[in-house]
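Close look at the chain arrangement
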Amino acid sequence: MLTAEVLINLPSPRFNQAFSYSVPEHLSAQIEFGQRVLVEFNRRLLEAYVIDINEHISGEVKPLLEILDDEPVFDARLYQLALWMADYYLSSVPQVLNTIIPGSMDKKGPVEVMARFTAEDLPEVIHREPQVEELLQELIAQGGLKLPDALKLAGYEELMALAQQGLIGMVQKYTAYRPGKDGYVYELAELKEGLEEQMQKRAPRQAQAVKYLRENGPTDQVTLEGIIPAASLKTLLKKDYIKLVRKKPEITPGTLNLTPEQNHALQEISIAGQQGSFQEILLYGVTGSGKTEIYLQAAEEMIARGRKVLVLVPEIALTSHLVDIFAARIARLAVIHSAILSSERYQQFKAIKKGEIDLVLGTRSAVFAPLSGMGLIIIDEEQENSYKNEETPRYHAREVARQRGIMEGALLVLGTATPAIETFYQAVSGQMGMLVLENRPGQAQLPEIIIDDRRGEPRKDSRFSLSPLLRGKLTEKIASGEQSIILINRRGYSPVTICRQCGTIFSCPSCSVALNYHQDRRKELCHYCGFEKEISRCCGKCGSKYVQQFGYGTQKVEEEIKNLFPRAQVARLDMDVSQKRGQRQDILDRMKNKSIDILIGTQMVAKGFDFPHVSLVGIIDIDNMLSIPDYRAAERCFQLIVQAAGRAGRALLPGEVVIQTFNGDHEVIKYAARQDYFNFYKHEISSRRILEYPPFKEIMRIVISSSREDQADRETGILKELIEEIIDATETDLDILGPAPAPYYKIKDRYRYQLLLKADDFWLLNSIGRQILARRNEFNARLELDINPVSII
Ligand SMILES: [Zn+2]
Ligand SMILES: [Zn+2]
C-alpha cells in the first residue's frame, strides 16, 4: 500500500504543509509525483498536488479519491522553483504551483460519481449497504451520476464512506484538448523496424495512413482526415506512431554576417555558455544594433550542443517580427503567450516536457516552461514592466529566470538598449558580465534628436498639440513620401473635463481620477475601473452648460492631424484600437507597405516594431511622464524617448526625432536627446543613492484598502505600529515612509493608503512581510504586499 503526500490546493500559507492520503490499490500503478488528485479535506472535495509517494507507514489515513491528470503537471525541478518562489514572494506553495502550470489545464469537467463494482456484484454490495440501495442501483443502471444527483439519493457522509470502501469513485477529469483543425499537420513518428508490416496485417487502415505520411511527408490535418477514418488516426495518435503538430514555416538555415562588434559579443556568450554553470551577462546595445541576430546564433549553437533555450519577450503582439525570425530559423520551436489557444498551449506543454522542443519563446509565464537541460535563457528588453506579475505571487520573470539559471547551471543573457538602473549597476559593479554594441550594422545611423521647447511660443500656436516645428517637419515628410510616427502616451480624446462655472472636475464615482472623454464612442470613461457614461452637456453639480475639455489624448491628436493634413493617410494605434480583432495587424501591414503617412499611438508604437520607412518620430507631452510621483519616472521617460527614437531611421533613411516639452533644460530629456545612457545612468544612480532607493535599498510596498475611508486610515496606523514592534524586537534598521494616501487614493470604491518600507536587507523585509501576513486576520482592511515593486503609484 502506498501513501501520497499532497498539498491541498488552497491559497492560504497554512497549506504549505503537506497531508497524507493512502493510495487505493486500483490507483497505485498510475500515481506519480506532480499529478493532481482529488481528496476529501474537512468535508470538502478538493484538488491537491502530489509531492511525495512513500510505502505506507503505520497509522490510519484516508484514501485519496481520484487521480486527475494522466501525466504529471510539474517535475521535481519546477517544484524546487515553486518552493523558492513561495518563500521569496511571500506566497503559498499551492498558489505558486497554480501559476506555474498552464492555465488551460484547469478546465475541468463536473464531478461524477461512478460505481467501482459490476452489476453481478450488486446484490452483495446492497447487502452490505442497504441504506443507500437506491443510489447503488442508479449507479449501475446509469453507469454514473453527477455529484449533485448522487447527493439527492444519499448524504455526503454516506458517499464518502462508500468512496473510502472503494465501492464508488469520484471522477473529475481535466479535459485533454484537441487542437483546432486549421494550421495543423500530421507527422510520422520514428517507428520500430517491422512495425509497418505487422500493421498491414492487423490494422490495414492504420498502415495506409503510415504509408501515406512516409511517402508524402507532413500532411494537412484536413487532407489526411479526408483519406483515413478518424478512428484509425486517433488510435495512431494514442500509440504515438503519428503526431499532430502546428504547421512550420520553411526553415532557412542561412545566418547573417556579423559585424566585428557582434562577433565579439557572440564569442563571449558562446564561451560563457560552455561553462555549464550559472552566469549572467548584460548585452547592452543601442537600438538597431542587431541583438536579435546574436540571440539567434547563440541559441542555434546551444541547441547544436544538445541543450535547450528559453527566450523571454515583453509582449508577443509587439514582437511578432521576432517570432517570425525565430520560427524561420529554429525548427523545434514553441511560442507561449496568453493569446494562443488553450488547446495549443496544452499540446506545447506536453511536447516541451517530452523534450521535443529546443527553444521556447514567450512572455512572462514562459519562464515556467518545463524544459529540461536548459543551457541558455535570453530576456529581451529586460527593463520592461510587463515582466512583473501584478497578482499574487508577485514575481518578476527576470528574478525567476535567474533562479532557474542557478538551479540548472544555465547562462542568462539580458538584452536591452536601455538597461534598468539596477541591472546596469550590477553590471558595472561586477556582479554580472557586460557586452556592449555601440553601432548599428550597415549604413543605418542613430537619429538626430531635436528638443523643441515650447515655452514662449505665440498664443496662436499653443492651441495646437503639435508645435510649429513638428507641423513643418510633417509637411516635409508627406511631400517626400516618408512615414512619420507621433507618440502621445495617453489614449482617448481629452483627459479632463472641468465646469468653468464652479470648477468641478468630472470624475469617476468610484475612483479618485478624472474621466477621460472618448470622442469615437461619445462617452466619458474611467481608465481604472471601466466605468462609462454618456457625455455630459452640463455640470452635475451646478447645472451650468459652461463645461470645457482640457488636454489631449491620441484621438484629439488624430483629429488635429487629419484637419491639418486632409490628404494624408492617418492611422491611430492604441489600446482601444488594438483590442479590436485584426485591426492592429491591419495597421501594421499598412505601415509596412507604406500606405500610411502618419501613425499616431501610445507607447505601444515605440516598442519593438521595425518600420523601415519611418524617418520622423514626434514625441509630444513627455512632461506628463516626468511628473509621475515614482522614483522610476526619470528612468521610464529616458527609456521611452530612446525606444521611440529607435523607430526612426532603421534602414537607409536618416531619422529625425522631435521631443516637444516645456522642460527643455531637464537633465533627463537632455541625456535622452543625446542617447547618452552612461551619463544618464551616472545622474540617476547618484540620486538613487541620495534618496535611498534601489539598488541601494530594498523596498516593500504595502497598500491598505477598505471601502470605509476612516477604516483604511486607522488600520494603516495600526499596521505601522505592528511593524515598529517587530523592528524593535529584532533591533534592526528600517525606514517606514507613510502612512500616506496612495497616489490613486480611491479605486473601485476602495480607499487606499500606503506604507513604503526600505531596508538594506531583502530578507529582513521578507520576514517582516511574513509576520504581517501571519496576523492578516487581525486587520479590518485588505493588505497587499509587494516586494521590489516596479511602480510605487
Ligand atoms: Zn459646475
Ligand atoms: Zn473608476
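Residues numbered from 1 in each chain as written. Chains lettered and ligands numbered in written order. Predicted model: local features only at pLDDT ≥ 70, side-chain atom pairs only at ≥ 80, totals over all residues. Heavy atoms only, no water.

**Focus: empty space enclosed by the protein**
- Under the defined criterion, the tally for this structure stands at four cavities of 30 Å³ or more.
- Looking at the largest cavity, its volume works out to about 60 Å³.
- Lining of the largest cavity is provided by Y284, V286, T287, A417, F638, V642, Q675 and Y677.
- For the lining of the largest cavity, a count of residues per class yields six nonpolar, two polar and no charged.
- A volume near 50 Å³ is recorded for the second largest cavity.
- Considering the residues around the second largest cavity, the lining is formed by I269, S270, G273, A298, E301, M302, R305, L376 and L411.
- Of all the secondary structure elements, the ones that give two or more residues to the lining of the second largest cavity are α11 (260–273) and α12 (291–304).
- For the lining of the second largest cavity, a count of residues per class yields five nonpolar, two polar and two charged. (1 Å grid on protein atoms, 1.4 Å probe; cavity = no way out; pocket = protein on both sides within 12 Å on 5 of 7 lines; lining within 4 Å. Points joined across faces, edges and corners; volume = space filled by probe spheres on them. Nonpolar A, V, L, I, M, F, W, Y, C, P; charged D, E, K, R; others polar. Helix = DSSP H or I, 4+ residues; strand = E, 2+ residues; numbered from the N terminus.)

**Describing the coordination of the zinc ion (ligand 2)**
- For the zinc ion (ligand 2), the full set of protein donor atoms is C508 (SG), C511 (SG), C526 (SG) and C529 (SG), and the range of their distances to it is 2.2 to 2.4 Å.
- Because the angles between the four donor atoms bound to the zinc ion (ligand 2) fall within 107 to 111 degrees, the donor set is best described as tetrahedral.
- Sequence spacing of the donors to the zinc ion (ligand 2): C-x2-C-x14-C-x2-C. Within this pair, whereas C508 is found in the loop between β21 (496–499) and β22 (516–518), its partner C526 is found in the loop between β23 (523–525) and β24 (532–534), the two being separated by 18 residues in sequence.
- C508 gets classed as buried once you look at its relative accessible area, which sits at 4%. (Donors = N, O, S within 2.8 Å, 3.2 Å for Na, K, Ca; no water. Tetrahedral: all angles 85-135°; square planar, octahedral: opposite > 155°, others 65-115°. Buried < 20%, exposed > 50% of the residue type's maximum accessible area, 1.4 Å probe, protein only.)

**Some remarks on the pairing of strand β16 (residues 374–380)**
- With respect to burial, β16 is a largely interior element, seven of its seven residues being buried.
- Two elements, strand β13 (residues 308–312) and β16, share five bridges in a ladder whose sense is parallel. For L310, the partnering residue across the bridge sits in β16 and is I377.
- For β16 and strand β17 (residues 411–416), the ladder comprises five bridges, and the chain directions are parallel. From the neighbouring strand, I377 faces β17, where its bridge partner is L412.
- With helix α15 (residues 397–408) bridging β16 and its parallel neighbour β17, the resulting β-α-β unit is right-handed. (Pairing = 2+ DSSP bridges. Right-handed = clockwise from strand over helix to strand, strands pointing away.)

**Section: the nonpolar core**
- If you look at the biggest cluster of nonpolar residues, it comprises 116 residues, and the most contacted ones within it are V360, L599, I702, L719, I723, L734 and L757.
- Setting aside anything within four residues of it in sequence, one finds I723 in contact with I702, L734, I736, L755, L757, I768 and I772.
- By size, the runner-up hydrophobic cluster in this structure holds 33 residues, among which are A265, L283, I294 and V311. (Core = buried A, V, L, I, M, F, W, Y, C linked by side-chain atoms within 4.5 Å. Contact = heavy atoms within 4.5 Å.)

**Examining the confidence of the model for the protein chain**
- Mean pLDDT over the protein chain: 87, with 94% of residues reaching 70 or higher.
- This stretch, residues 176–180, has a pLDDT under 50; its non-local contacts, to residues over four places away or in other chains, come to 15 contacts. (pLDDT = per-residue confidence, 0-100.)

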